[in-house]
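# Chain and residue survey
The residues making up each chain are set out below.
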Amino acid sequence: MPTAALSKKTSKPKQKSPKPYRFTINHLKKMYEAGIFSPEEKVELINGEPFIMTPIGFRHAKVLERLERKLYELIYSDPELKDKFVIWTQNPIKINSKNLLYPDIAVYPEEIYQKEDIPRIKDAVLIIEVSDTTLDYDREVKLPVYAKGKAKEVWIINLKDNIIEKYTQPSEKLFKSVHIYQKNEKIKIFGKKIDLSEILNS
């Protein structure tokens, strides 16, 4: 009596899902050198993904100028502060090789000039984003990176609602403390108060 042949199941190799390519700061530098991005273009890296920054609008520029002037006045008119801190305006900061951001303003200890590397987020005393058309991007994309980078204090100048959102106490990708300031209030930095109406009034 013939015996039935047993069919053997052949195991197929598992298919791997495609993965996005993650760029580094060195890759970005080479792309600038190759002319892929022009020198005027600012490109942020968020977890290795490049984002080209859009030009800022007129109100954004006005608020940024007022805020920068107020911080200069606060810091550089005070003998105890002027040699201790620098105002880093629209310059790069990072967590690691795959996260490079350009906040509108960052305040750093003067010691950053003694280093030859891009300043780290965790070393900033204050990071500020002026947000109008970029509000969702700044809140949902950049803010978690600032939390991950252990930013001490982040302000989002929310031009849509004319408020300032202050974030402190970073924990993983979130900030445990959020405080909202209306434009008729004052916010404190270095023990001094800034009248927000001077910043937010159109």
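First things first, this report covers the structure right here in the doc. Since we're looking at a predicted model, the values are computed, not measured.

## Section: a positive patch on the surface
- A contiguous patch of positive charge, built from Lys 115, Arg 120, Lys 122, Lys 150 and Lys 152, is present on the exposed surface.
- Relative to the helices and strands, Lys 115 is located in the loop between strand E6 (105–109) and strand E7 (126–131).

## A short note on helix H1 (residues 25–33)
- Where H1 is concerned, the buried positions are Ile 25, Leu 28 and Met 31. Buried residues of H1, seen end-on, are gathered within an arc of 115° and therefore sit on one face of the element. Residues of H1 that are exposed and point more than 90 degrees away from the buried face comprise Asn 26, Lys 29, Lys 30 and Glu 33.
- Contacts from the buried residues of H1 go to strand E1 (43–46), strand E4 (93–94) and strand E5 (100–101).
- Gly 35 occupies a position one or two residues after H1 and carries a positive phi of about 85°.

## Concerning the packing of aromatic side chains
- The tally for this structure, following the rule as stated, stands at seven aromatic pairs.
- Ring centres 5.7 Å apart and planes at 55° place the aromatic pair Tyr 32 and Phe 37 in the tilted group.

## Regarding the environment of Ile 189
- With respect to the element layout, Ile 189 can be found in strand E11 (residues 186–189).
- Between the C-alpha atom of Ile 189 and that of Lys 70, which follows or precedes it by 119 residues, the distance is 11 Å.

## Digging into the side chain of Asp 138
- Turning to its location among the elements, Asp 138 is positioned in helix H3 (residues 135–148).
- Although Asp 138 lies buried, it forms no salt bridge, and the closest oppositely charged side chain, Lys 142, sits 4.3 Å away as judged by the N-O distance.
- The contact partners of Asp 138, leaving out residues within four places of it in the chain, are Glu 129, Val 130, Ser 131, Leu 143 and Ile 156.

## Section: the pattern of salt bridges
- One pass over the full model with this rule turns up nine salt bridges.
- Glu 198 is paired through a salt bridge with Lys 70; the nearest N and O atoms lie 2.9 Å apart. In this pair, Glu 198 sits in helix H4 (residues 197–200) while Lys 70 sits in helix H2 (residues 58–76), placing the two residues 128 residues apart along the sequence.
- With relative accessibility at 16%, the residue Lys 70 sits in the buried group.

## Concerning the side chain of Glu 165
- One can find Glu 165 in strand E9 (residues 163–171).
- Of the polar contacts made by the side chain of Glu 165, one reaches the side chain of Arg 139; its length is 2.6 Å.
- In contact with Glu 165, other than residues within four places in its own chain, are Arg 139, Val 154, Trp 155, Ile 156, Asn 158, His 179 and Ile 180.

## Describing the nonpolar core
- Counting 25 residues, the largest nonpolar core has Leu 71, Ile 105, Ile 128, Trp 155, Ile 157, Ile 164 and Ile 194 as the members making the most contacts within it.
- In terms of residue count, H2 provides more of this core than any other element does, six residues in total.
- Excluding residues that lie within four positions of it along the chain, Ile 164 makes contacts with Trp 155, Ile 156, Ile 157, His 179, Ile 180, Tyr 181, Ile 187, Leu 196 and Leu 200.
- Of all hydrophobic cores here, the second largest spans 23 residues; its members include Trp 88, Ile 95, Leu 143 and Ile 156.

Procedures and definitions
- Positions within a chain are numbered from 1, following the residues in the order the chain's sequence is written.
- Restriction of local features to residues with pLDDT of at least 70 applies here, the model being predicted, together with a cutoff of 80 or more for giving and counting side-chain atom pairs; totals for whole chains, interfaces and linings are based on all residues.
- Each side-chain value is derived from all of the structure's non-hydrogen atoms; neither hydrogens nor water enter the calculation.
- Nonpolar side chains (Val, Leu, Ile, Met, Phe, Trp, Tyr) are joined into patches within 5 Å and like charges within 9 Å, using only residues with over 30% relative accessible area and no salt bridge.
- Per-residue and other accessible areas were derived by the Shrake-Rupley procedure at a 1.4 Å probe size, with only the shown protein chains allowed to occlude residues.
- For this analysis, a salt bridge means a side-chain nitrogen from Lys or Arg found within 4 Å of a carboxyl oxygen belonging to Asp or Glu.
- All tallies of charge rest on Lys and Arg as positive and Asp and Glu as negative; His and the ends of each chain are not included.
- Lys charges are placed at NZ, Arg charges at CZ, Asp charges at CG and Glu charges at CD.
- Numbering of helices and strands starts at the N terminus; helices are DSSP runs of H or I of at least 4 residues and strands are runs of E of at least 2.
- Burial here depends on accessible area, computed with a 1.4 Å probe over protein chains only, as a share of the maximum for the residue type. Under 20% is buried, over 50% is exposed, and the range in between is partly exposed.
- By construction, the arc corresponds to the directions joining the helix axis to the C-beta atoms.
- Residues are treated as being in contact if the distance between any of their heavy atoms lies within 4.5 Å.
- Working definition: rings of Phe, Tyr and Trp (its six-membered ring) pair if their centres are within 6.5 Å, and the pair is stacked with planes under 30 degrees apart, edge-to-face with planes over 60 apart, and tilted otherwise.
- Nitrogen and oxygen atoms within 3.5 Å of one another constitute a polar contact, given that in protein one can donate a hydrogen and the other can accept it, and given that sequence-neighbouring residues count only through two side-chain atoms.
- Grouping buried Ala, Val, Leu, Ile, Met, Phe, Trp, Tyr and Cys residues that are joined through side-chain atoms within 4.5 Å yields what is termed a nonpolar core.

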